[in-house]
Amino acid sequence: MSKYLVETFYTCTFKVKHFLNKIDQKELESLEQRDDGEFEVIDIKIDTRKTKSLEKNTSTKKDNNVSKIKLETNMSNIETKSINKNSKFLKNVDEAVNKRFSMPDRRKGYIQKATIGDHKVYLHTGEYEDGKIGEIFIDTSKEGELVKALMNNFAIAISLGLQYGVPLDEFVNAYVDTKFEPSGKVYGNDRIISASSILDYIFRELAISYLNREDLAHTPAIGKSENISENENNNFEENNQLIKIVKDMTSKGFIRNDYKRKLVDLSDIRINLKGKK
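Residues numbered from 1 in each chain as written. Predicted model: local features only at pLDDT ≥ 70, side-chain atom pairs only at ≥ 80, totals over all residues. Heavy atoms only, no water.

Description of the side chain of T140
Alright, step 1. Summarising the element assignment, T140 is placed in strand β5 (residues 133-140).
Alright, step 2. Looking at T140, the relative accessible area reads 12%, which means it is buried.
Alright, step 3. Beyond its immediate chain neighbours, meaning those up to four positions away, T140 contacts K120, V121, K148 and I198. (Helix = DSSP H or I, 4+ residues; strand = E, 2+ residues; numbered from the N terminus. Buried < 20%, exposed > 50% of the residue type's maximum accessible area, 1.4 Å probe, protein only. Contact = heavy atoms within 4.5 Å.)

The structure is reproduced here in structure tokens:
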């Protein structure tokens, strides 16, 4: 007989796509009841895990066994009802959990060159259409063939993890502050002054560019206004149609969410297109 009950709670973020022949109020109202949608799991995280003892002491062993049987019976009944009710939904979600979201053939991204000690590091990124990072490439100089091969295959492993749904912040927490040579002062990056290793530098750069992790940067964001709060800036971006267009066209990692500063207002400029007589 089992002595412990372990309950694991998950948070699942997903989106559902429906394809309609026409759009009207009736179709939109009944959209949630349709079971022909395509599910894409964006993120799955373990929120918490609780362990319960099913046997407190020998004197109440029978009571615990009875309560355990009732608990298992109730849980099985609830699970059976839930599965019968949402069998198609669960099937689609389970299929999407282990699905690889391939990168588009033509993709956005950026290249960052930096020098750590006497070693040059080139970081290449690739992004999905929504700006989420999906792959990285790492090139180094003054390294042997073995080290270059290891770095290339490490980048492939990280890219596969990102495409299978591993959150970028998991990699950041794992590799930031790792220590090995080359290390020291960083040249060529406006936000990172020093790094304890190449991996520390790479994932600091990715965290700043794609996760807006200002706590990992050594310098403040250049051109960021101190008088404008973050909420006001977010509201400005949501209401500005031009910024929405810029987000669709540019690399999120290259801009680093500073779309407003990157814009050039050409509304008052007139161009004379008349040819010479």
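Things to note about unusual backbone geometry
Alright, step 1. The peptide bond linking E181 to P182 adopts the cis configuration, its omega dihedral lying at 0°.
Alright, step 2. One can find P182 in the loop between α5 (168-175) and β6 (184-187).
Alright, step 3. One non-glycine residue, D177, adopts positive backbone phi at about 75°.
Alright, step 4. Along the chain, the position of D177 falls in the loop between α5 and β6.
Alright, step 5. When its relative accessible area of 49% is taken as the criterion, D177 is described as partly exposed.
Alright, step 6. For N212, which is not glycine, the phi dihedral falls at a positive 55°.
Alright, step 7. By the element assignment, N212 lies in the loop between α6 (198-210) and α7 (230-239).
Alright, step 8. Accessibility expressed as a relative area gives 33% for N212, which makes it partly exposed.

A word on α5
For an α-helix, 3.6 residues make a turn, and residues three or four places apart therefore share a direction.
Alright, step 1. Taken as a whole, α5 has its buried residues at L168, F171 and V172. In an axial view of α5, the angular spread of the buried residues amounts to 105°, which keeps them on one side of the axis.
Alright, step 2. Check the buried side of α5 and you find it contacts β5, α4 (145-163) and α6.
Alright, step 3. Looking one or two places after α5, you find D177, whose phi comes out positive at around 75°. (Arc of directions from axis to C-beta.)

Some remarks on the nonpolar core
Alright, step 1. One finds I136, I138, Y201, I202, F203 and L206 to be the most contacted residues of the largest nonpolar core, which totals 31 residues.
Alright, step 2. Every element with two or more residues in this core is listed here: β3 (111-116), β4 (119-127), β5, α4, α5 and α6.
Alright, step 3. If you tally residues by element for this core, the top one is α6, at 9 residues. (Core = buried A, V, L, I, M, F, W, Y, C linked by side-chain atoms within 4.5 Å.)

A short note on a nonpolar patch on the surface
Alright, step 1. Together, Y10, I44 and I46 give the surface a local cluster of nonpolar side chains, amounting to about 300 Å² of exposed area.
Alright, step 2. Mapped onto the fold, I46 is located in strand β2 (residues 38-53).
Alright, step 3. Given the relative accessible area of 47%, I46 is considered partly exposed. (Patch = residues over 30% accessible without salt bridge, like charges linked within 9 Å, V, L, I, M, F, W, Y side chains within 5 Å. Areas by Shrake-Rupley, 256 points an atom, 1.4 Å probe, with all protein chains shown as cover. Salt bridge = Lys/Arg side-chain N within 4 Å of Asp/Glu carboxyl O.)

A few points about α4
Alright, step 1. Spanning 19 residues, α4 covers 27 Å between terminal C-alpha atoms, matching the ideal 27 Å at 1.5 Å per step.
Alright, step 2. Those residues of α4 that sit buried are M151, F154, A155, I158, S159, G161, L162 and Q163.
Alright, step 3. Looking at the buried residues of α4, the elements they touch are β5, α5 and α6.
Alright, step 4. In the stretch just after α4, G165 is the one whose phi turns positive, near 105°. (Expected span 1.5 Å × (residues − 1).)

Description of the packing of aromatic side chains
Alright, step 1. The full count for this structure, using the stated rule, is 4 aromatic pairs.
Alright, step 2. Ring centres 5.0 Å apart and planes at 20° place the aromatic pair Y175 and F203 in the stacked group. Residue Y175 is found in helix α5, and its partner F203 is found in helix α6; the two are separated by 28 residues along the sequence.
Alright, step 3. By relative accessible area, F203 is classed as buried at 0%.
Alright, step 4. In this structure an aromatic cluster arises from ring pairing among F154, Y175 and F203. (Phe/Tyr/Trp six-rings, centres within 6.5 Å; stacked < 30°, edge-to-face > 60°.)

Topic: the sheet that holds β4
Alright, step 1. If you trace the 5 strands from one edge of the open sheet to the other, you get β5-β4-β3-β6-β7, paired in antiparallel fashion. Two strands close off the open sheet at either side, each with one partner strand: β5 and β7 (194-195). (Pairing = 2+ DSSP bridges.)

Remarks on the side chain of T125
Alright, step 1. With respect to the secondary-structure elements, T125 resides in strand β4.
Alright, step 2. Polar contacts involving the side chain of T125 include one to the side chain of Y210, which spans 2.9 Å.
Alright, step 3. Residues contacting T125, with those up to four places away along its chain left out, are K108, G109, Y110, I133, E135, I136, L206 and Y210. (Polar contact = N/O pair within 3.5 Å; in protein donor to acceptor, adjacent residues only side chain to side chain.)

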